[in-house]
Amino acid sequence: MPRNNQLTIHNLFQLFVGSECLVTTLTSIGFATLFFTGWILSISVHNIYNENCNERWIHLDTAELKNVLHANVYGEHIAVKTVVNHLNAHFMNENPSKALAFSFHGGPGTGKTLITKILVNHLYKKGFKSQFVNMVVATRDFPHKQTTGNAKVKLKKLIEDKIKRCEQSIFIFDEADKLSPDLLNILKPYLDHHEHIDNIVYRKAIFIFLSNTAGPMLTQHMIDFWRDGKTRDEINLKDLEYIIANSAVNSAGSGYYKSDLISHHLITAFIPFLPIEKEHVVHCIKHHLVAKGHYDTPINKIEEIAQQLHFYPNETDKVFSSTGCKRVEEKVDYIMGEKDQS
């Protein structure tokens, strides 16, 4: 075969092989690009629809929170102001010195649970469905007054596992006074001024303790103020915080009894929830009436609903509600149910 023909065939063969390699290479690059793009998209979709420990899912808008609290919480000016101020300071500080710890004290129906719900639904995009919101009910989760080793391990594991997932987790302890003192003291390291514990940072967490411990003391204090002719707006946090802490730590049988959390000053704020006055109960009644579609309810009907509740200190001076706003909704249903049937 002539040499020129041999070269031509050889060149064509090389071109064919080269083209095949090129196609293979380009195909590989194409698949790699598609895979990488798909991986990036999957991460983006995961971050959009799956809760993460970041500002998209955990966020504080102080002005909005203040407005919601003022619109829905009646008569608790100290609680609202104290909670908002401390939360704002905690979130503004990228490196807080310790975890934020609130101790809510007051009788039933004064707003402890309500403010807690508002905080959770505001801070966490998924509210109570968030994996970063943890509710501990003393009588359900730790029903025995005597602390066992298993109970201590269970509580420590809860705190540590949740903080590992998200430093901004929140822990709510309902009926905290019904926990044993030994169990409550387990929380001391997590609330203390530690840079970290085993390389885990607990300083960005939030702890809320709900208790009726100082309720009777707050009731008596409020009655004394009323008898002296003073209004609730004249009472401030300084008047009550030390009294609450002292009452709690000396209440034998309470989870706070001789508590390390109190004696080591690890509670950020002891927040009083004052007894609800009749004017605040009326606000609660109106709120529930509107929520249930009863608009423009006459004053006499609102008064009829209020009369279903018990007020003190005596029959002549019906100033404070024994159950706060706690039983208002069921009384609204009772009275308005009669109206609907007539």
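Refer to the structure printed above.
This report concerns the structure included in the present document.

Criteria and thresholds
- Residues numbered from 1 in each chain as written.
- Predicted model: local features only at pLDDT ≥ 70, side-chain atom pairs only at ≥ 80, totals over all residues.
- Heavy atoms only, no water.
- Helix = DSSP H or I, 4+ residues; strand = E, 2+ residues; numbered from the N terminus.
- Buried < 20%, exposed > 50% of the residue type's maximum accessible area, 1.4 Å probe, protein only.
- Contact = heavy atoms within 4.5 Å.
- 1 Å grid on protein atoms, 1.4 Å probe; cavity = no way out; pocket = protein on both sides within 12 Å on 5 of 7 lines; lining within 4 Å.
- Points joined across faces, edges and corners; volume = space filled by probe spheres on them.
- Nonpolar A, V, L, I, M, F, W, Y, C, P; charged D, E, K, R; others polar.
- Phe/Tyr/Trp six-rings, centres within 6.5 Å; stacked < 30°, edge-to-face > 60°.
- Lys NZ or Arg CZ within 6 Å of the ring centre and 35° of its normal.
- Disulfide = S-S within 2.5 Å.
- Salt bridge = Lys/Arg side-chain N within 4 Å of Asp/Glu carboxyl O.
- Core = buried A, V, L, I, M, F, W, Y, C linked by side-chain atoms within 4.5 Å.
- Axes fitted to C-alpha atoms, helices over the stretch in contact; angles between N-to-C directions.
- Parallel < 35°, antiparallel > 145°, perpendicular 65-115°, else oblique.
- Left-handed = near helix turned anticlockwise from the far one by under 90°.
- Pairing = 2+ DSSP bridges.

### Overview of the overall build of the chain
Here is step 1 of the chain: Tallying secondary structure elements over the chain gives 14 helices and seven strands in all.
Here is step 2 of the chain: Taking all 342 residues of the chain together, 42% fall into the buried category.
Here is step 3 of the chain: Within the chain, counting contacts between residues at least 6 apart in sequence, those at least 24 apart form 76% of the total.

### What to know about the layout of surface pockets
Here is step 1 of the chain: Taken as a whole, the largest pocket spans an internal volume of roughly 820 Å³.
Here is step 2 of the chain: As for the largest pocket, its lining consists of 31 residues, of which Gly 109, Gly 111, Thr 113, Leu 114 and Lys 326 are closest to the centre.
Here is step 3 of the chain: Elements with a minimum of two residues in the lining of the largest pocket: α4 (112-123), β4 (206-211), α12 (278-291) and α14 (328-341).
Here is step 4 of the chain: By residue number, the principal contributor to the lining of the largest pocket is α4, which donates six residues.
Here is step 5 of the chain: By residue class, the composition of the lining of the largest pocket is twelve nonpolar, ten polar and nine charged.
Here is step 6 of the chain: The calculated volume of the second largest pocket comes to roughly 310 Å³.
Here is step 7 of the chain: Lining the second largest pocket are 15 residues, and of these Glu 55, Ile 58, Phe 91, Met 92 and Gln 168 sit closest to its centre.
Here is step 8 of the chain: Ranked by residues supplied to the lining of the second largest pocket, first place goes to helix α3 (residues 77-92) with four residues.
Here is step 9 of the chain: Looking at the lining of the second largest pocket, its residues break down into five nonpolar, seven polar and three charged.

### A few points about the packing of aromatic side chains
Here is step 1 of the chain: Counted according to the given criterion, the structure contains six aromatic pairs.
Here is step 2 of the chain: A ring pair is formed by Phe 104 and Phe 273, whose centres lie 5.1 Å apart and whose planes are at 55 degrees; its orientation type is tilted. Placement of Phe 104 in strand β1 (residues 100-106) and of Phe 273 in strand β5 (residues 269-273) is noted, with a sequence separation of 169 residues between them. For the residue pair Phe 104 and Phe 273, the accessibility class agrees, reading buried in each case.
Here is step 3 of the chain: Consider the rings of Tyr 312 and Phe 320, whose centres lie 5.6 Å apart with planes at 40 degrees: the pair is tilted.
Here is step 4 of the chain: Accessibility expressed as a relative area gives 14% for Tyr 312, which makes it buried.
Here is step 5 of the chain: The exposure class of Phe 320 is buried, given its relative accessible area of 1%.
Here is step 6 of the chain: For Lys 125, the ring lying beneath its charged end belongs to Trp 57, and the centroid distance is 5.1 Å.

### A short note on the state of the cysteines
Here is step 1 of the chain: On inspection of all chains with the given rule, the structure shows two disulfides.
Here is step 2 of the chain: Shown here is the disulfide that connects Cys 53 with Cys 166, its sulfur atoms set 2.1 Å apart. Across the S-S bond linking Cys 53 and Cys 166, the dihedral sits near 65 degrees, which makes this disulfide right-handed. Of this pair, Cys 53 sits in the loop between α1 (3-49) and α2 (62-72) while Cys 166 sits in the loop between α6 (149-165) and β3 (170-174), and the two are 113 residues apart along the sequence.
Here is step 3 of the chain: Taking relative accessible area as the criterion, Cys 166 reaches 1% and is therefore assigned buried.

### Some points on the pattern of salt bridges
A side chain of one charge can pair with a side chain of the opposite charge when the charged atoms of the two come close.
Here is step 1 of the chain: Within this structure, the stated rule accounts for twelve salt bridges.
Here is step 2 of the chain: Here Glu 303 makes a salt bridge to Lys 278, at a shortest N to O gap of 3.0 Å. A residue pair is termed long-range when its members are at least 10 positions apart, and Glu 303 in helix α13 (residues 299-306) and Lys 278 in helix α12 qualify at 25 residues.
Here is step 3 of the chain: On the basis of relative accessible area, Lys 278 is assigned to the partly exposed category, the value being 27%.
Here is step 4 of the chain: Taken together, the shared-partner salt bridges connect Lys 292, Glu 329 and Asp 333 into one network.

### Remarks on the nonpolar core
Here is step 1 of the chain: The biggest cluster of nonpolar side chains holds 47 residues, and the ones touching the most others in it are Ile 159, Phe 173, Leu 187, Leu 191, Phe 207, Phe 209 and Leu 261.
Here is step 2 of the chain: Look past the residues within four positions of Phe 209 in its chain and what remains in contact with it is Ala 101, Phe 102, Ser 103, Phe 104, Phe 173, Ala 176, Leu 184, Leu 187, Leu 191, Tyr 256, Leu 261 and Ile 267.
Here is step 3 of the chain: Judged by nonpolar contacts, the second largest core, of 31 residues, contains Val 73, Val 120, Leu 123 and Tyr 124.

### So, the packing of α12 against α13
Here is step 1 of the chain: In the contact formed by α12 and α13, the axes pass within 10 Å of each other and the chain directions differ by 110 degrees. Compared by their axis directions, α12 and α13 come out roughly perpendicular. Between α12 and α13 the crossing geometry is right-handed. In this structure, α12 contributes Lys 278, Val 282, Ile 285, Lys 286 and Leu 289 to the contact, and α13 contributes Ile 302, Glu 303, Ile 305 and Ala 306.
Here is step 2 of the chain: Grouping the constituent residues of the contact of α12 with α13 by class yields six nonpolar, no polar and three charged.

### Looking at the pairing of β4
Here is step 1 of the chain: With respect to burial, β4 is a largely interior element, six of its six residues being buried.
Here is step 2 of the chain: Here β1 pairs with β4 via six bridges, running parallel. Directly across from Leu 100, in β4, lies its bridge partner Ile 206.
Here is step 3 of the chain: Note that β3 and β4 share four bridges and pair parallel. Of the residues in β4, the one forming a bridge with Ile 170 is Ile 206.

These values are about where atoms sit, not about what they do.
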